[in-house]
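Commentary on secondary and tertiary structure
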Amino acid sequence: AQSVTQPDIHITVSEGASLELRCNYSYGATPYLFWYVQSPGQGLQLLLKYFSGDTLVQGIKGFEAEFKRSQSSFNLRKPSVHWSDAAEYFCAVGAFKGGSEKLVFGKGTKLTVNP
Amino acid sequence: EAQVTQNPRYLITVTGKKLTVTCSQNMNHEYMSWYRQDPGLGLRQIYYSMNVEVTDKGDVPEGYKVSRKEKRNFPLILESPSPNQTSLYFCASSLRVGQPQHFGDGTRLSIL
């Protein structure tokens, strides 16, 4: 069965510092992967996605993520964090099974940004 | 504007009183899904629908029903709500299976 692990429940960084949010997945074949962001009181917004091809994907708001098959990881990065990036971030892995889709989310990483 | 609309946004009700949360999308998406979000548990899929009249269970379907009579609508039905169904619910849709999902703004349900 698919699973997604986000090891860090809560991360605090200073504004302007770099950021890396970790995501590890478990799945027998090559999955497709997403990162979503959720601001307080809002729904989830897609940051970026990986289906195939280039393992370094660029997303919105200056985020990028790198798919590493050997490490079963899809970590999210940003070189310089802004106060508006404070939110909760979710990694998700999807796979086709029996003609339908199974999408599993990690438990999320809450990001706090200090001024 | 492309969107997924859920109603109501907030509801407080009592155990056993049937309720329906509506979900509508205006993007002609084939795939729709319901999730619940609980602290420390992330999002868990309740039901999903690949297309009209095609629905299937997700990870936590107990106590819920869905229907997909029209492409744009995917209501979530709680026939006999219980307090353990108090949660934040999200509806999502995507063009087809495998594509990124667009999420509604959520419905916060409190079952007393």
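Here, the structure is the one placed above.
Turning our attention to the overall build of chain A. The secondary structure content of chain A amounts to zero helices and 12 strands. At 14 Å, chain A has a C-alpha radius of gyration in line with the 13 Å of a compact globule built from 115 residues. Projected onto its principal axes, the C-alpha coordinates of chain A cover approximately 50 × 30 × 20 Å. Relative to its full complement of 115 residues, chain A shows a buried share of 46%. Partitioning the intrachain contacts of chain A with sequence separation of at least 6 by distance along the chain shows that 54% fall at a separation of at least 24.

Moving on: the pattern of salt bridges. Tallying each qualifying case throughout the model produces seven salt bridges over all chains. Put simply, A:Asp85 and A:Lys78 hold a salt bridge, and the shortest N to O gap is 2.8 Å. Accessibility assignment for this pair places A:Asp85 and A:Lys78 in one class, buried. A salt bridge links B:Asp38 to B:Arg36, with the shortest nitrogen-to-oxygen separation between them at 2.8 Å. Shared partners join several salt bridges into a network, and the residues in it are A:Glu64, A:Glu66 and A:Arg77.

Below, the discussion takes up the state of the cysteines. For the structure shown, the criterion picks out two disulfides over all chains. Each sulfur of the disulfide joining A:Cys23 and A:Cys91 lies 2.0 Å from the other. Classification of the bridge connecting A:Cys23 and A:Cys91 rests on its S-S torsion, roughly -65°, and on that basis the disulfide is left-handed. A residue pair is termed long-range when its members are at least 10 positions apart, and A:Cys23 in the loop between β3 (19–21) and β4 (24–26) and A:Cys91 in strand β10 (residues 87–97) qualify at 68 residues. In this structure A:Cys91 comes out as buried when scored by relative accessible area, which is 0%. Between B:Cys23 and B:Cys91 runs a disulfide, and the two sulfur atoms are separated by 1.8 Å. Classification of the bridge connecting B:Cys23 and B:Cys91 rests on its S-S torsion, roughly -75°, and on that basis the disulfide is left-handed. You can see B:Cys23 sitting in strand β3 (residues 19–25) and its partner B:Cys91 sitting in strand β9 (residues 87–94), a full 68 residues away along the chain. With respect to burial, B:Cys23 and B:Cys91 carry one shared label: buried.

What follows covers empty space enclosed by the protein. Residue and element names in this part refer to chain A. Evaluated as defined, the whole model comprises one cavity of 30 Å³ or more. Size it by volume and the largest cavity reaches roughly 40 Å³. Forming the walls of the largest cavity are Val-37, Ser-39, Lys-61, Phe-63, Ser-84, Asp-85, Ala-87 and Tyr-89. In terms of residue class, the lining of the largest cavity is made up of four nonpolar, two polar and two charged.

The next point concerns the nonpolar core. Generally speaking, soluble globular proteins have nonpolar side chains that are buried together. Formed by 27 residues in total, the largest nonpolar core has its most connected members in A:Leu19, A:Trp35, A:Leu47, A:Leu48, A:Phe74, A:Leu76 and A:Tyr89. Elements that contribute at least two residues to this core include exactly β2 (10–14), β3, β5 (32–38), β6 (44–50), β8 (64–68), β9 (73–78), β10 and β12 (109–114) of chain A. Considering every element that reaches this core, the biggest residue donor is β10(A), with four residues. With near-sequence residues (within four places) excluded, A:Leu47 lies in contact with A:Trp35, A:Tyr36, A:Val37, A:Gly59, A:Ile60, A:Lys61, A:Phe63, A:Leu76 and A:Tyr89. B:Val4, B:Met27, B:Met32 and B:Ile111 belong to the second-largest nonpolar core, a separate cluster that totals 19 residues.

Glancing now at the interface of chain B and chain A. Across the contact, 23 residues belong to chain B and 21 residues belong to chain A. Taken together, both faces of the contact between chain B and chain A bury some 1,700 Å²; the carbon and sulfur share is 53%. Along the contact surface separating chain B from chain A lie zero salt bridges. Put simply, chain B and chain A have two residue pairs in polar contact (both at pLDDT 80 or more) between them. Secondary-structure elements contributing two or more residues to the side of chain B that touches chain A are β4 (31–38), β5 (42–51) and β9 of chain B. In terms of residue count, the dominant contributor to the side of chain B that touches chain A is β5(B) (five residues). Split into classes, the residues belonging to the side of chain B that touches chain A amount to 11 nonpolar, nine polar and three charged.

Criteria and thresholds
Residues numbered from 1 in each chain as written. Chains lettered and ligands numbered in written order. Predicted model: local features only at pLDDT ≥ 70, side-chain atom pairs only at ≥ 80, totals over all residues. Heavy atoms only, no water. Helix = DSSP H or I, 4+ residues; strand = E, 2+ residues; numbered from the N terminus. Rg over C-alpha atoms; globule rule 2.2 N^0.38 Å. Buried < 20%, exposed > 50% of the residue type's maximum accessible area, 1.4 Å probe, protein only. Contact = heavy atoms within 4.5 Å. Salt bridge = Lys/Arg side-chain N within 4 Å of Asp/Glu carboxyl O. Disulfide = S-S within 2.5 Å. 1 Å grid on protein atoms, 1.4 Å probe; cavity = no way out; pocket = protein on both sides within 12 Å on 5 of 7 lines; lining within 4 Å. Points joined across faces, edges and corners; volume = space filled by probe spheres on them. Nonpolar A, V, L, I, M, F, W, Y, C, P; charged D, E, K, R; others polar. Core = buried A, V, L, I, M, F, W, Y, C linked by side-chain atoms within 4.5 Å. Buried area = accessible area lost by both parts, 1.4 Å probe. Polar contact = N/O pair within 3.5 Å; in protein donor to acceptor, adjacent residues only side chain to side chain.

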